[in-house]
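Observations on the model geometry
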Amino acid sequence: MKKILAVMAVVFLAMPLCGWAQEEKVPPKEFVVYVDKNSRANHYIPSGWMGDYGDIKMNDQFMENPQDGITSIEFKYSGKKSQGQGWAGVYWQNPANNWGSKKGGFDLTGMTKLTFWARGAKGGEVIQKFVVGGIKGTYPDTAEVEMGPVELTDTWKQYTINLAGRDLSYINGGFCWVTTADLNPEGCTFYIDNIKLESDPTLKPEAKKQESMPFYVYADRSTVGNHFIPSGWMGDYGDIKYDGASKEDPYLGDSCVKIIYNSKATQGARWAGIYWQNPANNWGNVDAGFDLSKATKLSFWARGEKGGERIEEFKVGGIMGEYSDSDSASIGPVILNKEWTQYTIDLKGKDLSYIIGGFCWATNIDNNPEGATFYLDEIKYE
Amino acid sequence: MKLSTNKRNTIEHQGTCHRDTGFKPVHWCTGALVFLFFLSFLLGASSQSASKVSVRKLKNGHFQLLVNRKPYIIKGVCYNPIPIGKNHESDWWSDPNKPWIVDGKLMKEMGINTIRIYQPGDNPEEVKKVIRDLYELYGIRTILGNWLGFWEYPCPFYGDKDFQERVKNEVTRMVELYKDEPGVLLWILGNENNYSCLGRVNPWSNDEIDKEPDPQKKNSIRARIYYSFVNDIAGKIHEIDPNHPVALGNGELLGLESANQYCPDIDLVACIIYRGRTFGNLFNSLKATFDRPVVIAEFGADVYDAYLKKEDQNMQAFFLESQWRQIYSNIANAPQGAGNCLGGTIFEWSDEWWKHDENNPDSWKVHDTESNWSNGSYYFDIKAEGNKNMNEEWFGIVALSEELEDGLNKRIPRKAYYVIREFWKNPTIKKPKVKGKK
């Protein structure tokens, strides 16, 4: 009898466990980030305003022409650089305003993609990137996946971020958009709706595809083809002024990059430079970048304001971190001409399968004691 | 060669025996003496003959280092056993407590077969003693190098013929002195001297360079002058020592396109590489620029976490194991590798407490934790203040204690010592399961 009781007890005790275990094996088919204002299905809050947060206006109950349901979210980005950052974005967080300082988020294991709908007010608005995860802090997200840049259309379009194979066991930053003043110098208005994670077991992890050539680092201001962000300011970064939309005699198109280096040694380094990175501020700490294996050279055009400005190095790759660039190549020192001149970095024989530092320049006070103003245009892999 | 040492001891013992038993028949004694004389001569001579070290290119294009015709993978450390409280001028070669005996035993137990000496001490007999002790007691071979005047004040005058001649004579003398030591493995010329051609460290010039306005061409002229000079020395070494290869000590791969043009007499390149977990595309890239074998002559990781401000032996062991896996992935006949790597010498055997503030003798007694430089490849502690995460005094795979043991700072092997020891016992080259891309 004791034996029977013991068996019954084991069965009884095991039942809820079995049920739980079974429940664990079948994850829900979808998990909503945001569908409608005040919907009980919403799991995240668009609370994480970043960069030039003063440039953002949000209407989370915009009722005109929602993609589905009753409302969509309207964002108006002015591009005025209210906080002097040149970029802005919003994270959907759980709980609100959680930048990784407290435990929140969700275990999204089993989800393989995030889908959302977006449209621009006019069409042509450029969002630098859409992101899932990526919040750091004491309780960091277990993944960071992004897509972009994306040029919006004036009608609703669905976009997908492939999450297959990613560790989604803790995601506090459910969704995010980021854009820049360079990409939208006049600002932009756009709408987002119906953001959700979905389980699609047929979806395979996304292999990094070899990008086709030419592949632009910089073509023109607000061009969706600009694949790297001039975010890696180095050395005496206070000595640099960057204008990615200069109209001063661009080599091609309607704009070029203008850089003023004032050689004041603001940070005491006596040199300065900028890396164009993917994503912004990636010093090898984010697994991103591009496979540029098809490239055999990087070419760019440059000119000095007076002629004679000396740039110590122009470089491709070379960022070293947890996720290092697969190779590097450079030329320099280069003394610039007053006229536009094309320069080339030979990439034959280089391993360009993983490039996060798309382009870089660096110079110093010793060779430019009076500073230097110079221009760059048409920076591209070929 | 250890066998010959034992036999020599045996002979000495027999000789003593002969003197003690002077009543033995003369003819036996005489015969034995003659035999022993010749044996002693033969063995004595063999103990002084150099090993034959060479580089072989295999049919598949891979490279192998051969020592006495047998393949040899360099499993080495950079060796500079400066005691706590002393600086780089400390003459450890003459230390009566013989640190190399204690270290050599630990090295042998770990599996180390080579040490790298940047430049030998001033007393040739002391240097020979160290090389012989390490080789005869532990089978450890020695790579000898020369700075090529790189740290001379005010700068190395590579464009000056007198300077060149003086350095060349210095190197020639080193080779003549030690070429017949059986424990010598190869010669390394310079360390990171190529950076001076780019004007980054110890810049130098001459009239020809001064006249050239284009800075890129200036660098090209410096590279031509420097690498031609190194090649000249290499040629001279080959004339006087046919038994040991000559390596070009080079920081990263910078300048090797020029070296390929001006250094036909260089047998291999000894690269100084600090790229964290991976050597990246180094081995394949080298094939495209300087298709000769490579020994990674300096690599490693410091053990101090500058962010968390504490020693982290796991961090150091993680980097070193990953680096050794890459080295083994690229030795001859390894599947899928470049096949051009001959091995490596870890930087370094033991910590050096003088490095952070080399002009302040008080600081030589302190294990400084202030970081000297930044390197994002060592990403565990890159969030340290100012991103300065590299701690120059903490690169040893063996820590030094202030406690003395037989007159020496007690040696305390760190985790990396044991991890690499186990790796060498069974050097699998599959990638470890780590978070990361490469």
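Residues numbered from 1 in each chain as written. Chains lettered and ligands numbered in written order. Predicted model: local features only at pLDDT ≥ 70, side-chain atom pairs only at ≥ 80, totals over all residues.

**Quick word on the confidence of the model for chain A**
Definition in use: Note: pLDDT gives the predictor's confidence per residue, expressed from 0 to 100. Once C-beta atoms have been placed from the backbone, residue pairs whose C-beta atoms lie within 7 Å are recorded as contacts.
Summarising the model, chain A shows a mean pLDDT of 90, and 93% of its residues fall at 70 or more. Below a pLDDT of 50 lies the segment residues 1-24 of chain A, which in the model reaches 0 contacts outside its immediate sequence neighbourhood of four places, other chains included.

**Observations regarding the nonpolar core**
Taken as a class, soluble globular proteins show a tendency for nonpolar side chains to be buried jointly. Residues and elements named next belong to chain B. The test is simple: Residues enter a nonpolar core if they are buried, belong to Ala, Val, Leu, Ile, Met, Phe, Trp, Tyr or Cys, and are joined to the set through C-beta atoms within 7 Å. To sort residues by burial, count the other C-beta atoms lying within 10 Å of each one's C-beta; a count of 20 or more means buried, 12 or fewer means exposed, and anything in between means partly exposed. C-beta atoms are built from the backbone. Every helix listed is a DSSP run of H or I at least four residues long, and every strand listed is a run of E at least two residues long, numbered separately from the N terminus.
Ranked by size, the top nonpolar core spans 100 residues in total, and within it Leu189 and Ala247 carry the most contacts. In terms of residue count, helix H7 (residues 215-240) provides more of this core than any other element does, 9 residues in total. The residues touching Leu189, leaving out its near neighbours within four places in the chain, are Asn146, Leu148, Val171, Val230, Ile233, Ala234, Val246, Ala247, Leu248 and Gly249.

**Observations concerning the packing of helix H10 (residues 313-329) of chain B against helix H11 (residues 415-425) of chain B**
Residues and elements named next belong to chain B. Here is the rule: All axes here are fitted lines through C-alpha atoms, helices being fitted over the stretch that makes contact, and every angle between N-to-C directions spans 0 to 180 degrees. If an angle is under 35 degrees, it is roughly parallel; if it is over 145, roughly antiparallel; if it lies from 65 to 115, roughly perpendicular; otherwise it is oblique. For a crossing to be left-handed, the near helix must be turned anticlockwise from the far one by less than a right angle; the clockwise case is right-handed.
Taken N-terminus to C-terminus, the directions of H10 and H11 make an angle of 30°; their axes are 8 Å apart at the nearest point. It follows that H10 is roughly parallel to H11 by the angle criterion. Note that H10 runs across H11; the crossing there is right-handed. Across the interface between the two elements, Gln313, Asn314, Gln316, Ala317, Leu320, Glu321 and Trp324 from H10 touch Lys415, Ala416, Val419, Ile420 and Phe423 from H11.

**Comments concerning the domain arrangement of chain A**
All names here are of chain A. How we decide: Here the bounds of each domain stem from an automatic or database domain assignment.
Segmenting chain A into domains produces domain 1 (30-198) and domain 2 (215-381). Relative to domain 2, the C-alpha centre of domain 1 lies at a distance of 29 Å. Facing the 10 residues of domain 1 at the interface are 8 residues of domain 2.

**Here we look at the interface of chain A and chain B**
Defined as follows: Residues are grouped as follows: nonpolar covers Ala, Val, Leu, Ile, Met, Phe, Trp, Tyr, Cys and Pro; charged covers Asp, Glu, Lys and Arg; every other residue, Gly included, is treated as polar.
Contacts between the two partners involve 18 residues from chain A, matched on the other side by 16 residues from chain B. Each residue belonging to the side of chain A that touches chain B can be placed in one class, and the counts come to 6 nonpolar, 7 polar and 5 charged.

**Quick look at unusual backbone geometry**
In the segment running from Gly332(A) into Pro333(A), the intervening peptide bond is cis, with an omega of 0°. One can find Pro333(A) in the loop between strand E22 (328-331) and strand E23 (334-335). Put simply, Phe347(B) and Glu348(B) share a cis peptide bond, and its omega is 5°. One non-glycine residue with positive phi stands out, namely Ser263(A), at about 50°. Phi is positive for Lys98(B), close to 45°, though the residue is something other than glycine. Tracing the sequence through the fold places Lys98(B) in the loop between strand E4 (74-78) and helix H3 (99-110).

**Points about H10(B)**
Residue and element names in this part refer to chain B. Quick note on the threshold: The span expected for a helix works out to 1.5 Å for each residue beyond the first.
With 17 residues, H10 should reach 24 Å at 1.5 Å per residue; the first-to-last C-alpha distance of 24 Å fits that figure. Along H10, the positions that sit buried rather than exposed are Met315, Gln316, Ala317, Phe319, Leu320, Gln323, Trp324, Gln326, Ile327, Tyr328 and Ser329. Taken together, the buried residues of H10 touch strand E10 (294-298), strand E11 (304-305), strand E13 (341-346) and H11.

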